[in-house]
Amino acid sequence: QKDAARFPVFDLILLGTGPDGHTASLFPGHALLSEDDRWVAYIEDSPKPPPRRITLTYPVINHAARVVFVATGEGKQDTLREILDEPEKGLPSARVRPVNPGHLYWFTDDAATSKVVYSKSQFKL
């Protein structure tokens, strides 16, 4: 990885996604979505409580060896459809794209992915 000396490389980062498509404390439309230098950033105006938080930034998240999302339930149907089928819309969770040789995994249930067209596969050890 060309930036491996610049950013830490975690073996695994475990994430969730909110109903608005946010992940970590990276919210739609927020300036932190463009952060490309700092490893960790603070946010004082979170649209979801608590208003003051800290978060890993995309450069750190996207340099992990493996990034895993867990999303379950009917409440995630529309969000997962947009993240997985329309990543060009740029929801924060859709911007998680580990650089080579990193891998991205989604662990979901059928309720959460009932509207998703993106191909699914069973996880096998």
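Before reading on, note that the structure itself is shown above.
Everything numeric here is computed off the predicted structure, so don't read it as measured data. (Residues numbered from 1 in each chain as written. Predicted model: local features only at pLDDT ≥ 70, side-chain atom pairs only at ≥ 80, totals over all residues. Heavy atoms only, no water.)

Examining the nonpolar core
Stated precisely, the cut-off is as follows: As used here, the term nonpolar core means buried Ala, Val, Leu, Ile, Met, Phe, Trp, Tyr and Cys residues forming a set that is joined through side-chain atoms within 4.5 Å. To sort residues, take the accessible area from a 1.4 Å probe on protein chains only and compare it with the maximum for the residue type: under 20% means buried, over 50% means exposed, and anything in between is partly exposed. Put simply, DSSP marks the helices as runs of H or I at least four residues long and the strands as runs of E at least two long, and each gets a number from the N terminus on. Any pair of residues with heavy atoms lying within 4.5 Å of one another is described as a contacting pair.
Of all hydrophobic cores here, the largest spans 14 residues; its most connected members are Leu15, Leu26, Ile61, Val67 and Val96. Every element with two or more residues in this core is listed here: strand E1 (12–15), strand E2 (40–43), helix H1 (58–61) and strand E4 (66–71). Beyond its immediate sequence surroundings of up to four residues, Val96 is in contact with Leu15, Thr23, Tyr58, Ile61, Asn62, Val67, Phe69 and Leu104.

As for the environment of Thr113
Inspection of the secondary structure puts Thr113 in the segment after strand E5 (103–108). Relative accessible area serves as the criterion here: at 3%, Thr113 is assigned to the buried category. With 67 residues separating them in the primary sequence, Thr113 and Ser46 have C-alpha atoms 27 Å apart. With residues near it in sequence (within four places) discarded, Thr113 still touches Leu80, Thr108 and Lys120.

Details of the pattern of salt bridges
Heads up, the condition is: What counts as a salt bridge is simple: a side-chain nitrogen of Lys or Arg found within 4 Å of a carboxyl oxygen of Asp or Glu.
In this structure the tally under the stated criterion is five salt bridges. Among the salt bridges present, the one from Arg6 reaches Asp37, with a minimum N-O distance of 2.6 Å. Taken as a pair, Arg6 in the segment before E1 and Asp37 in the loop between E1 and E2 lie far apart in primary sequence, 31 residues in all. The residue Lys89 makes a salt bridge to Glu86 at a minimum N-O spacing of 3.6 Å. One network of salt bridges, in which partners are shared, links Arg81, Glu86 and Lys89.

Thoughts on the sheet that holds E4
Test applied: Strand pairing requires that DSSP identify at least two bridges connecting the strands. The convention used is that axes are lines fitted to C-alpha atoms, helices contributing only their stretch in contact, and that angles between N-to-C directions extend from 0 to 180 degrees.
Here we have three strands laid out as an open sheet, ordered E1-E4-E5, and parallel in their pairing. At either end of the open sheet lies a strand with only one pairing partner, and these are E1 and E5. Strand-to-strand, the axes of this sheet are offset by a mean angle of 20°, without reference to chain direction. Strand direction decides the pairing type here: E4 and E5, joined by six bridges, are parallel. Bridge pairing in E5 links Val68 to Tyr105.

Some points on the pairing of E4
A regular strand places its side chains so that they alternate between the two faces of the sheet. Note the threshold: Clockwise travel from the first strand over the helix to the second, with the strands pointing away from the viewer, marks a crossover as right-handed.
Direction of pairing for E1 relative to E4: parallel, over a ladder of four bridges. The residue bridging Leu14 from the neighbouring strand is Val68, located in E4. With helix H2 (residues 77–85) bridging E4 and the parallel E5, this β-α-β connection has right-handed handedness.

Quick look at the side chain of Arg53
To keep it simple, the criterion reads: His is not counted, nor are the chain ends, whereas Lys and Arg count as positive and Asp and Glu as negative. We call two N or O atoms a polar contact when they sit within 3.5 Å, provided that within protein one can donate a hydrogen and the other can accept it, with sequence-adjacent residues counted only if both atoms are side-chain atoms.
Tracing the sequence through the fold places Arg53 in strand E3 (residues 53–56). It is Asp20 that comes nearest to the buried, bridge-free Arg53 among opposite-charge side chains, at 8.7 Å. Within polar-contact distance, the side chain of Arg53 engages the backbone oxygen of Lys48 at 3.2 Å. For Arg53, the side chain forms a polar contact with the main-chain oxygen of Pro49, separated by 2.9 Å. Excluding its chain neighbours within four sequence positions, the residues that come into contact with Arg53 are Ala24, Ser25, Phe27, Ala41, Tyr42, Ile43, Ser46 and Lys48.

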